[in-house]
Protein chains: 2
Amino acid sequence: MIKAAILGYGTVGSGVYEVIRKNRDIITDRLGEEIQVKYVLDLREFEGDPVQEVLVHDADTIINDAEIAIVCETMGGEHPAYEFTKRALESGKSVCTSNKELVEKHGPELIKIAKEHKCSYLFEASVGGGIPIIRPLRTSLAQEEILSITGILNGTTNYILTKMENEGLAFETVLARAQEKGYAEKNPDADILGYDACRKIAILSSLAYGKKVNFEDITTEGITAITAVDFAYAKKMGATIKLFAKSVKKGDKYYALVAPFIVGPENPLYAVKGVFNAILVNCNMGGETMYYGKGAGKLATASAVVADVLDCARHVGKHLDIRWEEQKLEISPIDGAVRKFFVRVSCTDEAKIRKHFGDVEMYTDIVAGECGFVTEEMTEAEYREKAAKFGSVLSMIRVD
Amino acid sequence: MIKAAILGYGTVGSGVYEVIRKNRDIITDRLGEEIQVKYVLDLREFEGDPVQEVLVHDADTIINDAEIAIVCETMGGEHPAYEFTKRALESGKSVCTSNKELVEKHGPELIKIAKEHKCSYLFEASVGGGIPIIRPLRTSLAQEEILSITGILNGTTNYILTKMENEGLAFETVLARAQEKGYAEKNPDADILGYDACRKIAILSSLAYGKKVNFEDITTEGITAITAVDFAYAKKMGATIKLFAKSVKKGDKYYALVAPFIVGPENPLYAVKGVFNAILVNCNMGGETMYYGKGAGKLATASAVVADVLDCARHVGKHLDIRWEEQKLEISPIDGAVRKFFVRVSCTDEAKIRKHFGDVEMYTDIVAGECGFVTEEMTEAEYREKAAKFGSVLSMIRVD
């Protein structure tokens, strides 16, 4: 029997407890031994909940119990999760977490500590909720050079964009409804400004390229400027608008960006609707693979934590290696990134547009007094220069 | 350094050699040591190809070399692949394969031999080409009860159906063009009759449910009866037609089926176009996840074999456990499976249709003298009985 503890009996923590309890027989069968949750740490009491029997209020009970081989850190936030994780790893206990903030900030350090103490620090649930992506990157794609990762990594924004597309509504209207339904937070900034997706692509890019990508280095734009008119243009193009979190290796340069993109139906991410997430990985040998599922939610996220628990249980006394050095990966300025741009201008003089922007694809008759067009490929710097010179740009969305 | 051998220098075998050679640095970095291909077994000579230096014509050289830790079996077919695999495992060498025929037939036996000799038998490449699916089933979903698997597992048929949909062409026309382009074999029966997809869903279902699913027990229908008119109806429904390979756990019963299905846009498999494959897995805790990529092709398949090689290299002297007992899984007769049916009848008498089939959704005005409708949910047996009584059924396609 493998004994485990859960730090934090919130949404994810209680989900972890539920998955281990409900799927006990399956887990025991597949693993060859039972996983028992010996402790759950929480400051609160849960009268009437069976968890009460294993509830403790002091982390020391868990850290000092040599029987505990695996700790699930489902507290979230940086402190005291960081200190508890560090102490658990230092006592040779593997830690499985859903805490993307901690992973993004201290991942390489905690992996190193785990390695020194022959245990593991796993964090499948920190990106993409219930979608297996971190383990596939580490195992199924270990033989590949990863050329790019493009993710729809935030369910709230994808839900809002899907609703805007389907119902022709304004961003503010859909956001308000999403808040009513609990699909968006009261303070939705972390989602709608792209910060959540940014942290997640920082983690995935670090794993893909082996060095630390700081989320502060990633240019991040949210979806707050996207309008119903933008969707009308996208529809005319046979396309849609998605918030992409993206990183690309081009020669010896790395680019990263979180921003809305115009996406056509030939891209498998085009069909990812509502709160679902997906990650498209492009490799130098096997080409494109995509991973799709629920990017959030109690049981989906908890299930991913428990997958890590089973992996640790299969490798007790052994470090599951994750290549993620503390050395910083240099992210090149976005100026050099090459792509097409969809531009709306308060001008309908096609000749003038072509003189400035080159051989563009025009979209007219959507709104009086303006038009939209898709440029040829150019660098971000070139686009910015042209746009500044042209002057009457209403909005720009990058084209994937 | 880990030493490996490749059995068979055909399409996949030469791809394995290429992936290991081209991505040598990445593999060495991630694994912490180099993988060297010491031998390639093939009866032919390859003058001018660097493989010539490591080419051998006798399997004994490989089996008897204690230095060889891992063998890639990329010969295909049952014999002598079976004998070579068995002997390699018996000498403690792990075997990684793309050979779905061998895996489907002898998987449980070979896994058992591997276990006895503290080595592994891995076969990621045998299903879904370059799509990570077998490893995610074994690791990322080990904590889950799997409720259903639905796959687009054959690229040739998905290519044909996509072309029929996009261009309104007849099956025979598209097949002939696909054969010209090399997307379909000269003898395309294994693909178009569903046999290839059937073997693959047999493997996936065995892994999902832990016992042996024999492909002979799976009702299998191909795509040869699908017409341009069927696609016209599908279009009117806002849907498409896909060849699904499917297995479902319902209570203590298991159903399995390979057949064309009407698929709506709310299903993530709807958007899987052309030669791409995808597998949708539904679990009791985390819900739906989907895995998408190239289902075939030299480098995609080879890359999956090399992923297995790395897994074995990380676990030398250890058996990577795969739950797949030799005990047969009872597949229930399809009669009891419940779903909706799309039916075309040479009759336009709506009252008569409703009298026989109940509250149906009608689609008229596609072809004179006939109409189509979607039934309510009923068992396959109920449908068959109603259809036989009604008499003038032109065709039926199941609805997902």
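Let me begin by describing the structure that accompanies this report. Note that the structure is a prediction, hence the values are computed from the model and not measured.

**What to know about the environment of Tyr363(A)**
All names here are of chain A. Looking at the secondary structure, you find Tyr363 in strand S14 (residues 361-363). Under the relative-accessibility criterion, Tyr363 is labelled buried at 12%. In sequence terms Tyr363 and Met237 are 126 residues apart; their C-alpha atoms lie 8.1 Å from each other. Those residues in contact with Tyr363 that lie beyond four places of it in its chain are Tyr233, Lys236, Met237, Cys371, Gly372, Phe373 and Val374. Polar side-chain contacts of Tyr363 include one of 2.8 Å to the side chain of Glu361.

**Some points on the pairing of strand S11 (residues 276-283) of chain B**
Residues and elements named next belong to chain B. Counting buried residues along S11, seven of its eight residues qualify, which places the element largely inside the surrounding structure. As paired strands, strand S7 (residues 146-152) and S11 are joined by six bridges and run antiparallel to one another. Looking at the pairing, Ile152 lines up with Ala278 of S11. The antiparallel hairpin formed by S11 and strand S12 (residues 287-294) contains three residues in its connecting segment.

**Some details on the sheet that holds strand S6 (residues 121-122) of chain B**
All names here are of chain B. Ordered by their spatial adjacency, six strands build an open sheet running S3-S2-S1-S4-S5-S6, and the pairing between neighbours is parallel. This sheet does not close on itself; its edge strands, each paired only once, are strand S3 (55-56) and S6. Across two bridges, the pairing between strand S5 (residues 94-97) and S6 is parallel. In the strand pairing of S6, Cys96 is matched with Leu122. Contacting strand S1 (2-7), strand S2 (35-41), strand S4 (68-73), S5 and S6, helix H4 (residues 81-90) crosses the sheet at an angle of about 145° to S5.

**Details of the side chain of Arg138(B)**
By the element assignment, Arg138(B) lies in helix H6 (residues 134-138). For Arg138(B), a relative accessible area of 13% corresponds to the buried category. Here Asp311(B) takes part through its side chain, which lies 3.2 Å from a polar atom of the side chain of Arg138(B). Contact partners of Arg138(B), with chain neighbours within four places excluded, come to Arg314(A), Leu122(B), Asp311(B), Leu320(B), Asp321(B) and Ile322(B).

About the criteria used
Residues numbered from 1 in each chain as written. Chains lettered and ligands numbered in written order. Predicted model: local features only at pLDDT ≥ 70, side-chain atom pairs only at ≥ 80, totals over all residues. Heavy atoms only, no water. Helix = DSSP H or I, 4+ residues; strand = E, 2+ residues; numbered from the N terminus. Buried < 20%, exposed > 50% of the residue type's maximum accessible area, 1.4 Å probe, protein only. Contact = heavy atoms within 4.5 Å. Polar contact = N/O pair within 3.5 Å; in protein donor to acceptor, adjacent residues only side chain to side chain. Pairing = 2+ DSSP bridges. Axes fitted to C-alpha atoms, helices over the stretch in contact; angles between N-to-C directions.

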